[in-house]
Amino acid sequence: MEHQISNQDIKAVISSVGAELQSVRKDGVEYLWNGDSRFWPERSPILFPYVGRFTEGKYLLNGKIYEMDIHGFARKLPFEVAEQKKDRITFRLRDNKETYQAYPYHFILDIIYALQEHTIEITYRVNNLSNEPMYFGIGGHPGFALPFDEGLDFTDYYLEFDGNARPERIGFTKSCFLSGTDQEFLLDNGKNLRLSHDLFDEDAIVLHHMADKVTLKSDKGKRKVTVSYPELPYLGLWHAPGVEAPYLCIEPWASLPSRQDIIEEFRYKSDLIRLSPGREYVNKWGITIE
């Protein structure tokens, strides 16, 4: 089922499956990727309780092996609507028998979309209902359809990082696991990354130690999108590798994938969030359409 929120500037449509954004429109223009399966069938999945891949699709917790698909299970499951107003909606996922088999915690995950002028604020709220610490990753994966402006091309756009950024690129193997070989990722004039399709021939670019917001824009056009992520330390940039895909994903993450050929012990993975019993985790990021 799809649900709509709107204000004087923006109209957004969100599916109850995965609490996933389906459409973001301003002044009649669609900014979100349309899910064309020739390139990528999703649009803006929620990544929970893990970001990226596990070696062999498995992890270790309390002496037991568990299995989980890439980017976790939340993106595939139905959420209930806990609250809805004209410009705000809260989707809720509770643990169940299915989730417990893959992830042995009791929890509530709320995804809140709220419109503030021409910004969509996305809030992640996680409550640990278990009697032990809960470990998890979480992140966003919105795809933006390019070009925003008629007559332009994907390669007319660039990313402008806020301030003078000197990010590091997280090292990945060919199979998209952590390699441990991080290196500086140079930007033009310390802030710009010009888009080209071959940027993603080796899959995603994941950055750390960068500015806390980035703008997707073109000097030839008027429309732009800014993604801000003040409390999410990693940023993924991606489109399907090896093709001229007409979209760009800008992905704020709280954690990272597994190492190559290592079945990770969940408790010892330092980038995961550790939430004590009975406690709540809240993180907010935003998409501004101009």
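Our subject in this report is the structure included herewith.

## Examining the overall build of the protein
Argument step 1. Secondary structure assignment for the protein yields one helix and 25 strands.
Argument step 2. Partitioning the contacts of the protein with sequence separation of at least 6, the portion at a separation of at least 24 is 65%.
Argument step 3. When the accessible surface of the protein is summed, it comes to about 13100 Å², and 43% of that surface belongs to carbon and sulfur atoms.
Argument step 4. When the 34 positive and 44 negative side-chain charges of the protein are each reduced to one mean point, those points stand 4 Å apart.

## Brief notes about the environment of Ala 245
Argument step 1. Among the secondary structure elements, Ala 245 is positioned in the loop between strand E22 (234–238) and strand E23 (247–253).
Argument step 2. A relative accessible area of 0% means that Ala 245 is categorised as buried.
Argument step 3. In this structure, the C-alpha to C-alpha distance between Ala 245 and Ala 211, residues 34 residues apart in sequence, is 26 Å.
Argument step 4. Ignoring any residue separated from it by four or fewer positions in sequence, one finds Ala 245 in contact with Phe 39, Phe 154, His 197 and His 239.

## A short note on the sheet that holds strand E9 (residues 88–94)
Argument step 1. Strand order in the open sheet formed by nine strands is E8-E9-E10-E11-E25-E21-E20-E15-E18, with antiparallel pairing between adjacent strands. Two strands close off the open sheet at either side, each with one partner strand: strand E8 (80–85) and strand E18 (192–194). Across the sheet, the axes of successive neighbouring strands diverge by a mean angle of 15°, strand direction being ignored.
Argument step 2. In the sheet, strand E15 (residues 158–161) pairs with strand E20 (residues 213–217) via four bridges, with the strands oriented antiparallel. Following the sheet pairing, Phe 161 is matched in E20 by Val 214.

## Section: the sheet that holds strand E3 (residues 20–26)
Argument step 1. Reading across the sheet, the four strands line up as E1-E2-E3-E4 and stay open at both edges, with antiparallel pairing between neighbours. If you trace the sheet from one side to the other, it starts and ends with strand E1 (2–6) and strand E4 (29–30), each paired once.

## What about the pairing of strand E25 (residues 280–289)?
Argument step 1. Burial within E25 is extensive, with seven of its ten residues counted as buried.
Argument step 2. Strand direction decides the pairing type here: strand E11 (residues 119–128) and E25, joined by nine bridges, are antiparallel. Bridging from a neighbouring strand, Tyr 124 pairs with Asn 283 of E25.

## Some details on the environment of Ala 74
Argument step 1. Inspection of the secondary structure puts Ala 74 in the loop between strand E7 (64–67) and E8.
Argument step 2. Residues Ala 74 and Leu 47, spaced 27 residues apart in sequence, show a C-alpha to C-alpha distance of 6.7 Å.
Argument step 3. Residues contacting Ala 74, with those up to four places away along its chain left out, are Gly 18, Ile 46, Phe 48, Phe 79, Leu 93 and Leu 109.

Reading the values: the criteria
Residues numbered from 1 in each chain as written. Predicted model: local features only at pLDDT ≥ 70, side-chain atom pairs only at ≥ 80, totals over all residues. Heavy atoms only, no water. Helix = DSSP H or I, 4+ residues; strand = E, 2+ residues; numbered from the N terminus. Contact = heavy atoms within 4.5 Å. Areas by Shrake-Rupley, 256 points an atom, 1.4 Å probe, with all protein chains shown as cover. Lys, Arg positive; Asp, Glu negative; His and termini not counted. Charge placed at Lys NZ, Arg CZ, Asp CG, Glu CD. Buried < 20%, exposed > 50% of the residue type's maximum accessible area, 1.4 Å probe, protein only. Pairing = 2+ DSSP bridges. Axes fitted to C-alpha atoms, helices over the stretch in contact; angles between N-to-C directions.

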